[in-house]
Amino acid sequence: MKKPTTSNDMAGPQSPIYSTSAATQRQQILAYMEEHGSITTYEAREDLGVASPAPRIKELRDRGYVIITLLQDLSDANGVIHPRSARYVLLCKEAANDD
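Cut-offs used in this document
- Residues numbered from 1 in each chain as written.
- Predicted model: local features only at pLDDT ≥ 70, side-chain atom pairs only at ≥ 80, totals over all residues.
- Heavy atoms only, no water.
- Axes fitted to C-alpha atoms, helices over the stretch in contact; angles between N-to-C directions.
- Helix = DSSP H or I, 4+ residues; strand = E, 2+ residues; numbered from the N terminus.
- Parallel < 35°, antiparallel > 145°, perpendicular 65-115°, else oblique.
- Left-handed = near helix turned anticlockwise from the far one by under 90°.
- Contact = heavy atoms within 4.5 Å.
- Nonpolar A, V, L, I, M, F, W, Y, C, P; charged D, E, K, R; others polar.

### Considerations on the packing of helix H2 (residues 22-36) against helix H3 (residues 41-48)
Working step 1: Where H2 meets H3, the closest approach of the two axes is 11 Å, and the angle between their N-to-C directions is 115°. As judged from the angle between their axes, H2 and H3 are roughly perpendicular. For the crossing formed where H2 meets H3, the hand is right-handed. On the side of H2, the interface is formed by Gln28, Ile29 and Tyr32, while H3 contributes Glu43, Asp47 and Leu48.
Working step 2: A breakdown of the residues in the contact of H2 with H3 according to their chemical character gives 3 nonpolar, 1 polar and 2 charged.

Structure, rendered in structure tokens:
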């Protein structure tokens, strides 16, 4: 019988793909917003694996990024509509030091 695959089998704990560090999540969210212009709570969760994007957005704002929040009715991966869900829009890419 084949042993089930674990995240440790796929990549080491230092792999940025599987990292849950705040710094890595900020970088992922920022890159996504630079490419797409915005990110929703559901895109952050489903596409990036960031379970709680709001704290990362606040940290980016604290570092000087200008990000606005739009509250919209958005659907998740299952097609369920969630009223007043957050869409974060990157307005300005200037920032102080992002460590």
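### Things to note about the packing of H2 against helix H4 (residues 53-62)
Working step 1: In contact at an axis separation of 9 Å, H2 and H4 are set at 80° when each is read in the N-to-C sense. Taken together, H2 and H4 sit at an angle that is classed as roughly perpendicular. From H2, Ala22, Gln25, Arg26, Ile29, Leu30 and Met33 reach across to H4, where they touch Pro53, Arg56, Ile57, Glu59 and Leu60.
Working step 2: Among the residues making up the contact of H2 with H4, the classes are represented as 7 nonpolar, 1 polar and 3 charged.

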